[in-house]
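Residue-level structure breakdown
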Amino acid sequence: MRVYRRKFYNLFSKIYDSFVNLHSKNSGHEARKALAALIEPQRDKVVVDICTGTGSLLAYLADRSNVSLIIGIDFSRGMLKKAKEKIKDKNNIYLIEADVTRLPLRNAKCDKIFCSHAFYEVKDKDQVNLLNEVKRTLKPSGHFIMMEHEIPENMFIRFLFYLRILSMGIKAALNILKREEIYLKSYFSKVRKTYTSSKKSKIYICEK
Ligand SMILES: C[S@@+](CC[C@H](N)C(=O)[O-])C[C@H]1O[C@@H](n2cnc3c(N)ncnc32)[C@H](O)[C@@H]1O
């Protein structure tokens, strides 16, 4: 199954950026800027973007802090190829091809781990492993920062949103829709919810 998912993302990588630009217009840039603004340059030395896709967040993270080590992780080679092009003039970003259910990172090394517009695409059991891996690799004072779409107003986009959510599996989808904050609180000591300026995306800031 995982093989098919990877194949799907390899294909999707060819049109992913155009697709996102078409339906998010400027709000995608705003949202990524808002995420990058959460980096504390003096404090955050190791910053990871899991499910980095075509690496759209990475350049913003690098601009925010040129002293941090920034790592983008994704299991799709096609997505990472696009990311590589995007970050070619940045020297503090590394890309790793890996599954988020087994992060190739040592215990308690990361200051911040981001996951942007991807959590709803990770299957139910894999989500549990993802959250355990995030906890394992975060420093005791580290944060997991997760951004996801709010339910869209446009009917067609809303239809695509529900299809996307269903890719997690029905049980996980219902759980997430009804109890997302409670779910995250079962993993992290503190969970704070905020929104991007367009209110199209929500951001959870979770403290280990
Ligand atoms: C919708 S894209 C989001 C990309 C990017 N974070 C963004 O904001 O544009 C979802 C990404 O998650 C990756 N992904 C999904 N499941 C994964 C897994 N189990 N391990 C690693 N990457 C995964 C896909 O390859 C894809 O690049």
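Report on the accompanying structure. Every value quoted in this text rests on a predicted model; they were computed, and no experiment measured them. (Residues numbered from 1 in each chain as written. Predicted model: local features only at pLDDT ≥ 70, side-chain atom pairs only at ≥ 80, totals over all residues. Heavy atoms only, no water.)

1. With respect to the pairing of strand 3 (residues 93-97)
- Two elements, strand 2 (residues 69-74) and strand 3, share 5 bridges in a ladder whose sense is parallel. Residue pairing in the sheet places Ile73 in a bridge with Ile96 of strand 3.
- Between strand 2 and its parallel partner strand 3, the chain crosses via helix 5 (residues 77-86), and the hand of that crossover is right-handed. (Pairing = 2+ DSSP bridges. Helix = DSSP H or I, 4+ residues; strand = E, 2+ residues; numbered from the N terminus. Right-handed = clockwise from strand over helix to strand, strands pointing away.)

2. Here's the deal with the nonpolar core
- By size, the foremost hydrophobic cluster in this structure holds 36 residues, and its most contacted members are Val48, Ile50, Phe119, Leu130, Leu131, Phe144 and Phe188.
- Of all the elements in the fold, those that place two or more residues in this core are strand 1 (46-50), strand 2, strand 4 (110-116), helix 6 (124-137), strand 5 (138-149), helix 7 (155-166), helix 8 (170-185) and strand 7 (201-207).
- If one sorts the elements of this core by residue count, helix 8 sits on top with 5 residues.
- Apart from residues no more than four positions distant in its own chain, Phe119 is found in contact with Gln127, Leu130, Leu131, Met146, Glu148, Met168, Ile176 and Tyr183.
- Ala31, Ile39, Ala62 and Ile87 belong to the second largest nonpolar core, which has 17 residues in total. (Core = buried A, V, L, I, M, F, W, Y, C linked by side-chain atoms within 4.5 Å. Buried < 20%, exposed > 50% of the residue type's maximum accessible area, 1.4 Å probe, protein only. Contact = heavy atoms within 4.5 Å.)

3. Quick look at the site of the ligand
- The local shell around the ligand holds 17 residues, among which Tyr16, Cys51, Asp74, Val100 and Ser116 are the closest.
- Between Arg32 and the ligand, the recorded distance is 3.0 Å, taken from a side-chain N or O atom to an oxygen atom.
- Ser116 has a polar side-chain atom sitting 2.5 Å from an oxygen atom of the ligand.
- If the ligand stood free it would expose 600 Å²; the protein chains cover 98% of that surface.
- For the shell around the ligand, a count of residues per class yields 8 nonpolar, 5 polar and 4 charged. (Near = heavy atom within 4 Å. Polar contact = N/O pair within 3.5 Å; in protein donor to acceptor, adjacent residues only side chain to side chain. Areas by Shrake-Rupley, 256 points an atom, 1.4 Å probe, with all protein chains shown as cover. Nonpolar A, V, L, I, M, F, W, Y, C, P; charged D, E, K, R; others polar.)

4. Some thoughts on the sheet that holds strand 4
- In spatial order, the strands read 3-2-1-4-5-7-6; together these 7 strands make up an open sheet with mixed pairing. The open sheet has two edge strands, strand 3 and strand 6 (190-195), and neither has a second partner. Each neighbouring strand pair of the sheet contributes to a mean axis angle of 20°, computed without reference to strand direction.
- The pairing of strand 5 with strand 7 spans 7 bridges and is classified as antiparallel. (Axes fitted to C-alpha atoms, helices over the stretch in contact; angles between N-to-C directions.)

5. Remarks on the packing of aromatic side chains
- Applying the stated criterion across every chain yields a total of 9 aromatic pairs.
- With 5.5 Å between their ring centres and 35° between their planes, Phe8 and Phe12 make a pair best called tilted. Of this pair, Phe8 and Phe12 both sit in helix 1 (residues 2-12), separated by 4 residues, roughly a single helical turn.
- Classification of Phe8 as partly exposed rests on a relative accessible area of 48%.
- By relative accessible area, which is 18% here, Phe12 ends up buried.
- Ring geometry for Phe161 and Tyr162: centres 5.6 Å apart, planes at 70°, overall edge-to-face.
- Exposure remark for Phe161: the relative accessible area of 4% places this residue in the buried category.
- With relative accessibility at 35%, the residue Tyr162 sits in the partly exposed group.
- One aromatic cluster is present, built from ring pairs that chain together Phe8, Tyr9, Phe12, Tyr16, Phe19 and Phe75. (Phe/Tyr/Trp six-rings, centres within 6.5 Å; stacked < 30°, edge-to-face > 60°.)

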